[in-house]
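If you want the building blocks of each chain, they are given just below.
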Amino acid sequence: MKIPKINGNDGTIDLGRFGHASVVLYPSFFFVALFLTSYFWRVNNGNPLLLVAGGTLILFFSILLHELAHAEAGRRYGVIAYRIEVNVLGGMAHFMNQPRRMRDDFAITIAGPLSNAALALVSLAVLALISDAAPDPALAGNPYIVRPPMGTIERLARFSLYLNAGLAIVNMLPAFPLDGGRLTYMVIADRYDRRAATLVVGLLGTIFAVIAKLLFLGTLLAGVPIWSPPPFLPNWDALKLAWKGQAIRI
């Protein structure tokens, strides 16, 4: 990676290259980071500013590693990435060409969620190694358990665990443009046709998008905002297209 440089045309930050791909950070990413780390400002002990900065870095590298995993898996199957983005929706890896076989496409697609699952396991291992990491009373279901206050490392490790577990699970939802949506689309299109694949993924994606928006509204009112994909419009547009007898191509 080279020294980050701001693009004067669109405000994006050029972070360097990964193989043939340019790595770009969109300023909109920081709005998501602000929401996901906002509860750190209300901790009773510790440095909130340090926790917010650490949480933002964890979020950035978790998304970036997800996209780099797609790009590296693509390289192994002769599919070359030319641009990797980190943005308000998470991230996106853009490729010059398509995989030749569906199993190659599966491997490239699943690499992203697997990278987040691996980070979640690493975070879990870090928590296990922290000497003062006692069971969480809320999780243990025993209100009489008293645990020592969490330190900065433990708070950030827990944040990384929940974040990456969430990224791995959410990205496997059957919705556009998530990895699970691509996998579901490929299976249905191979078994039936592209219109059926567009209809199923568009319908499920619309339902999950509505749930995600209600979840965000509820958690925002509760003071602990949780933002989650999938976006509504891509899935709604796909559903309308399939209803008209047409299909999208991924």
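Predicted, not measured: the structure shown is a model, and the values here were computed from it. What you see as residue numbers is a count from 1 along each chain, following the sequence as written. Confidence filtering applies because this is a predicted model: local features only for residues at pLDDT of at least 70, side-chain atom pairs given and counted only at 80 or more, and all residues used for totals across whole chains, interfaces and linings. Each side-chain value is derived from all of the structure's non-hydrogen atoms; neither hydrogens nor water enter the calculation.

S.K.: Just give me the short version of the packing of helix H6 (residues 179-191) against helix H7 (residues 194-221), but keep the residues and values in it.
M.R.: Packed helices, taken two at a time, are described by the angle between their axes plus the distance between the axes. Running from N to C, H6 and H7 point in directions that differ by 145°, and their axes come no closer than 8 Å. Classified by chirality, the crossing of H7 by H6 is right-handed. Contact with H6, carried on its side by Gly-181, Thr-184, Tyr-185, Ile-188 and Ala-189, involves Arg-194, Ala-196, Ala-197, Thr-198, Val-200 and Val-201 of H7 and no other residues of that element. Here the residues of the contact of H6 with H7 are counted per class, giving seven nonpolar, three polar and one charged. Lines fitted to the C-alpha atoms define the axes, with helices restricted to the stretch that makes contact. Angles between their N-to-C directions range from 0 to 180 degrees. Helix and strand definitions follow DSSP, with helices as H or I runs of at least four residues and strands as E runs of at least two, each counted in order from the N terminus. A crossing counts as left-handed when the near helix is turned anticlockwise from the far one by less than a right angle, and as right-handed when that turn is clockwise. The contact criterion used throughout is that any non-hydrogen atoms of two residues lie within 4.5 Å. Residues are grouped as follows: nonpolar covers Ala, Val, Leu, Ile, Met, Phe, Trp, Tyr, Cys and Pro; charged covers Asp, Glu, Lys and Arg; every other residue, Gly included, is treated as polar.

S.K.: Which residues make up the nonpolar core, and what values do they have?
M.R.: Counting residues in each nonpolar core, the largest one holds 27 residues, and the members touching the most others are Phe-29 and Leu-59. For this core, the elements supplying multiple residues, two or more each, are strand E2 (13-18), strand E3 (21-25), helix H1 (29-36), helix H2 (48-76), strand E4 (81-87) and helix H5 (152-170). The contacts of Leu-59, once residues within four sequence positions are left out, are Phe-29, Val-32, Ala-33, Leu-36 and Leu-163. As used in this record, nonpolar core signifies buried Ala, Val, Leu, Ile, Met, Phe, Trp, Tyr and Cys residues forming a set joined through side-chain atoms within 4.5 Å. Whether a residue is buried, partly exposed or exposed follows from its accessible area with a 1.4 Å probe, protein chains only, as a fraction of its type maximum: under 20%, in between, or over 50%, in that order. By size, the runner-up hydrophobic cluster in this structure holds six residues, among which are Phe-176, Tyr-185, Val-201 and Ala-238.

S.K.: Quick one: what's the story with the packing of aromatic side chains, residue by residue and with numbers?
M.R.: When we look at a pair of aromatic rings, we describe it by the centre distance and by the angle of the planes. Only Phe, Tyr and Trp rings take part, Trp by its six-membered ring, and two of them pair if their centres are within 6.5 Å. Stacked means planes under 30 degrees apart, edge-to-face means over 60, and tilted covers everything else. Applying the stated rule across the entire model yields eight aromatic pairs. Of the aromatic side chains, those joined through ring pairs into one cluster are Phe-29, Phe-30, Phe-60 and Phe-61. Whether a charge lies above a ring is judged from NZ of Lys or CZ of Arg, which has to be within 6 Å of the ring centre and within 35 degrees of the ring normal. Arg-191 extends its terminal NZ or CZ atom over the ring of Tyr-192, reaching a point 4.9 Å from the ring centre.

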